Amino acid sequence: MSPRQVVEEWVSRFNRADVEGLAALYQEDATNHQVVMVPLIGRDAIRHMFRTEFGRATMTCIVENLFEDGDWAILEWRDPTGLRGCGFFQVRNDQIAFQRGYFDQLSFFRLQGLPVPESYLDETS
C-alpha cells in the first residue's frame, strides 16, 4: 500500500474506534509522537494510547487534505466539534514507522467536556 492508502485505512479504523486494527497498522517498533505528550515507542504503547483516548472521548477524523511525498503521508484533519490538527506519517513496508501529530490538547479536553488531567496517559511529562 502507498503511504496515502495506509493513512486512508488509518482514518477508517480511527473512525470506527478500532484499537486493534489501528495498532496493526504500526510497525512493532514504531514511534508515535503526539507533541502534547512524550513520544510513544512500540506498538503496545501506541495501542495503550488509543485504548485510553477512545475510552474517554468520542473522536472522529474528517480529512481536510491528504498528501503523499515519497514514504510520507501528510494528513490535515478536523472533527465535528471544530478541533483541527495535522499528522505526518512515515510508512515503510505497508506499515507506519513514525507518526507525529499536532493539535491543541486544551481545546480537545474542553470540546469533549473532559477535565484537564494532571498527567497525560498516566505519565509525567
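Conventions we followed
Residues numbered from 1 in each chain as written. Predicted model: local features only at pLDDT ≥ 70, side-chain atom pairs only at ≥ 80, totals over all residues. Heavy atoms only, no water. Helix = DSSP H or I, 4+ residues; strand = E, 2+ residues; numbered from the N terminus. Expected span 1.5 Å × (residues − 1). Phe/Tyr/Trp six-rings, centres within 6.5 Å; stacked < 30°, edge-to-face > 60°. Buried < 20%, exposed > 50% of the residue type's maximum accessible area, 1.4 Å probe, protein only. Core = buried A, V, L, I, M, F, W, Y, C linked by side-chain atoms within 4.5 Å. Contact = heavy atoms within 4.5 Å. Salt bridge = Lys/Arg side-chain N within 4 Å of Asp/Glu carboxyl O.

**Examining helix 1 (residues 3-15)**
In this model helix 1 runs 18 Å from its N-terminal to its C-terminal C-alpha over 13 residues, within 8% of the 18 Å that 1.5 Å per residue would give. Just past helix 1, the residue Ala17 takes up positive phi, approximately 55°.

**Focus: the packing of aromatic side chains**
Counting across every chain of the model gives 11 aromatic pairs. Taking 6.2 Å as the distance between ring centres and 70° as the angle between the ring planes, the aromatic pair formed by Trp72 and Phe98 counts as edge-to-face. Of this pair, Trp72 sits in strand 4 (residues 72-78) while Phe98 sits in strand 6 (residues 95-103), placing them 26 residues apart in sequence. Ring geometry for Trp77 and Phe103: centres 6.5 Å apart, planes at 55°, overall tilted. Pair noted here: Trp77 is in strand 4 and Phe103 is in strand 6, with a separation of 26 residues, a long-range link. Exposure class is identical for Trp77 and Phe103. Each is buried.

**Concerning the nonpolar core**
Residues Trp10, Phe14, Phe50, Leu75 and Ile96 are the most contacted members of the largest nonpolar core, which totals 31 residues. Examining the composition of this core, we find that five residues originate from one element, helix 1, more than from any other. For Phe50, the contacting residues outside a window of four places in its chain are Trp10, Phe14, Val19, Leu22 and Tyr26.

**Focus: the pattern of salt bridges**
Pairs can form between side chains of opposite charge once their charged atoms are near each other. Counted under the stated rule, the structure contains 11 salt bridges. Across the salt bridge formed by Glu8 and Arg4, the nearest N and O atoms sit 3.2 Å from each other. Here Glu8 pairs with Arg4, and both are found in helix 1, just four residues apart, close to one helical turn. With a relative accessible area of 38%, Glu8 lands in the partly exposed category. Between Glu9 and Arg13 there is a salt bridge, and its shortest N-O distance comes to 2.8 Å. One end of the pair is Glu9 and the other is Arg13, both in helix 1 and four residues apart, which spans about a single turn. Judged by its relative accessible area of 26%, Glu9 falls in the partly exposed class. Look at Arg13 and you get buried, because its relative accessible area is 18%. Salt bridges here are not isolated pairs; linked through shared partners, they connect Glu20, Asp44, Arg47 and Arg51.

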